[in-house]
Amino acid sequence: MKRILTLALLILTACSPAASETAPAVAASLVPTMAPTPNSTAAVQVESATSTPVAAQPTADSFPALAAPACTGFTPENQEGPYYTANTPERNSLIEEGMQGDRLTVIGYVLDVNCQPIANAWLDFWQADAIGEYDNAGYILRGHQFTDSQGRYQLETIMPGLYSSRPIRHIHVKVQPPGGSILTTQLYFPEQPIEGLTLELTQSESGYQGVFNFVVR
Ligand code: FE
């Protein structure tokens, strides 16, 4: 009987509150070691969400679909004219607030003699405004840019107006591949085409879109 009582006492002691409190103590000791893991994972996720993929996507998405280039010889030179201004601002869009005119986007590649895209080629555009006037004091409708890693450029502008001394719609441009020579030429429109220098032009609700690939030396 005494042994049974002793045994019962031992069992009671093992199941007493004092014994069961050790379990939360152990669990509590696990919490600090577990807690940093979800926190650090969250931190990594936030970091990765704000780094490369987010920055890369708008560039790819904002570029209109462009057919694979086909090359038929070098792009011809064309007269520079009297209105070139050097040291233009670097920008893809020449459109400024309040600017009049029909929207025009010109896209394409800069390509080498083997029809391979040239990354980081310099393009400097200048043109007349919607009523055929150049800004010869500042940089309105003037700007340079560089082709992207796939050799593409994209110009946001307006349809150039006609001016009395040259009644043909055109956009002036200089193109230079890295380490190469400068091609000075002009882009024309299908209404008055010039061989080798005419944009493929389409029109949609958002404006005109022109495609032109430069092949440079
Ligand atoms: Fe001109």
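Residue numbers run consecutively from 1 along every chain, following the written order of its sequence. Owing to the predicted nature of the model, reporting of local features is limited to residues with pLDDT of at least 70; listing and counting of side-chain atom pairs is limited to 80 or more, with chain, interface and lining totals taken over all residues. No hydrogens and no water enter the side-chain calculation; it runs on all heavy atoms of the structure.

A.B. asks: Looking at this structure, how should I read the overall build of the protein?
C.D. replies: For helices the rule is a DSSP run of H or I covering at least 4 residues; for strands it is a run of E covering at least 2, with both sets numbered from the N terminus onward. Tallying secondary structure elements over the protein gives five helices and nine strands in all. Secondary structure elements of the protein occur, N-terminal to C-terminal, as α-α-α-α-α-β-β-β-β-β-β-β-β-β. Partly exposed residues are those whose accessible area sits between 20% and 50% of the maximum for their type, while under 20% is buried and over 50% is exposed, using a 1.4 Å probe and protein chains only. Counting all 217 residues of the protein, 34% fall into the buried class. Contacts are assigned to residue pairs with any non-hydrogen atoms lying within 4.5 Å of each other. The contacts of the protein with a sequence gap of at least 6 include a subset with a gap of at least 24, amounting to 71%. For the protein, the accessible surface area stands at approximately 13100 Å², while carbon and sulfur atoms represent 58% of it. To be clear on the numbers: accessible area is Shrake-Rupley with a 1.4 Å probe, and residue cover counts the displayed protein chains and nothing else.

A.B. asks: How should I be thinking about the coordination of the iron ion in this particular structure?
C.D. replies: Perfect tetrahedral coordination of a metal by four donors corresponds to 109.5 degrees between them, and perfect octahedral coordination by six donors corresponds to 90 or 180 degrees. In the first shell of the iron ion, the protein supplies Y134 (OH), Y163 (OH), H170 (NE2) and H172 (NE2), at 1.9 to 2.2 Å from the metal. Water is not part of the atom set, so a site may look incomplete; the donors themselves are N, O and S atoms within 2.8 Å of the metal, or 3.2 Å for Na, K and Ca. Only two sets of limits are used to name each site, 85 to 135 degrees for every angle of a tetrahedral four-donor site, and over 155 degrees for opposite donors with all other angles from 65 to 115 for a square planar four-donor or octahedral six-donor site, with any other site named irregular. Coordination at the iron ion is irregular, judged from the four donor atoms that bind it and the angles of 92 to 156° they form at the metal. We note that the donor set of the iron ion lies within a single chain, spaced as Y-x28-Y-x6-H-x1-H. Separated by 38 residues along the polypeptide, Y134 in the loop between β2 (122-126) and β3 (142-146) and H172 in strand β5 (residues 170-176) bring together distant segments of the chain. Both residues of the pair, Y134 and H172, count as buried.

A.B. asks: Just checking my understanding: could you explain the pattern of salt bridges for this structure?
C.D. replies: What makes a salt bridge here is a side-chain nitrogen of Lys or Arg within 4 Å of a carboxyl oxygen of Asp or Glu, nothing more. One pass over the structure, following the stated rule, counts four salt bridges. With a shortest N-O distance of 2.7 Å, E80 and K174 are connected by a salt bridge. Taken together, the residues E80 in the loop between α5 (52-62) and β1 (103-111) and K174 in strand β5 connect sequence positions 94 residues apart. The residue R169 makes a salt bridge to E191 at a minimum N-O spacing of 2.6 Å. A residue pair is termed long-range when its members are at least 10 positions apart, and R169 in the loop between β4 (152-158) and β5 and E191 in the loop between β6 (183-188) and β7 (200-204) qualify at 22 residues. The class of E191 is partly exposed, set by a relative accessible area of 47%.

A.B. asks: So what exactly am I meant to see when it comes to the packing of aromatic side chains here?
C.D. replies: Each aromatic ring pair is summarised here by two numbers: the centre-to-centre distance and the angle between the ring planes. Two rings from Phe, Tyr or Trp (for Trp, the six-membered ring) form a pair when their centres sit within 6.5 Å of each other. Planes less than 30 degrees apart are called stacked, planes more than 60 degrees apart edge-to-face, and all others tilted. Per the stated rule, a full pass over the model turns up seven aromatic pairs. Centre to centre, the rings of F125 and Y153 are 5.9 Å apart; their planes meet at 35°, and the pair counts as tilted. Note that F125 is positioned in strand β2 and Y153 in strand β4, a separation of 28 residues in sequence. Overall, the relative accessible area of 1% leaves F125 in the buried class. Residue Y153 is classed as buried on the basis of its relative accessible area, which comes to 0%.

A.B. asks: Would you explain the nonpolar core in this entry?
C.D. replies: Soluble, globular proteins show a tendency: their nonpolar side chains are buried together. What we call a nonpolar core is a set of buried Ala, Val, Leu, Ile, Met, Phe, Trp, Tyr and Cys residues that are connected through their side-chain atoms within 4.5 Å. Within the largest apolar cluster, 26 residues are counted, with the highest numbers of intra-cluster contacts made by V106, V110, F125, Y153, L187 and F214. For this core, the secondary-structure elements that each account for two or more residues are β1, β2, β4, β5 and β6. Counting residues in each nonpolar core, the second largest holds seven residues, with I107, Y109, C115 and V215 among its members.

A.B. asks: Please clarify how the environment of N120 should be interpreted in this entry.
C.D. replies: Mapped onto the secondary structure, N120 falls in the loop between β1 and β2. A relative accessible area of 49% means that N120 is categorised as partly exposed. Taking the C-alpha atoms as reference, N120 lies 8.9 Å from R152; in sequence the two are 32 residues apart. Excluding residues within four positions of it along the chain, N120 makes contact with F146, T147, D148 and P178.

A.B. asks: Just checking my understanding: could you explain the sheet that holds β5 for this structure?
C.D. replies: Strand pairing within a sheet occurs via backbone hydrogen bonds; the two strands may be parallel or antiparallel. Sheet architecture is open: four strands sit in the order β3-β2-β5-β6, paired in antiparallel fashion. If you trace the sheet from one side to the other, it starts and ends with β3 and β6, each paired once. Averaged over all pairs of adjacent strands, the angle between their axes in this sheet comes to 25°, without regard to strand direction. Here, a strand pair is defined by DSSP locating no fewer than two bridges between the strands. For β2 and β3, the ladder comprises five bridges, and the chain directions are antiparallel. Of the residues in β3, the one forming a bridge with W126 is R142. For helices, the fitted line uses only the C-alpha atoms of the stretch in contact; every axis is such a line through C-alpha atoms, and the angle between N-to-C directions lies from 0 to 180 degrees.

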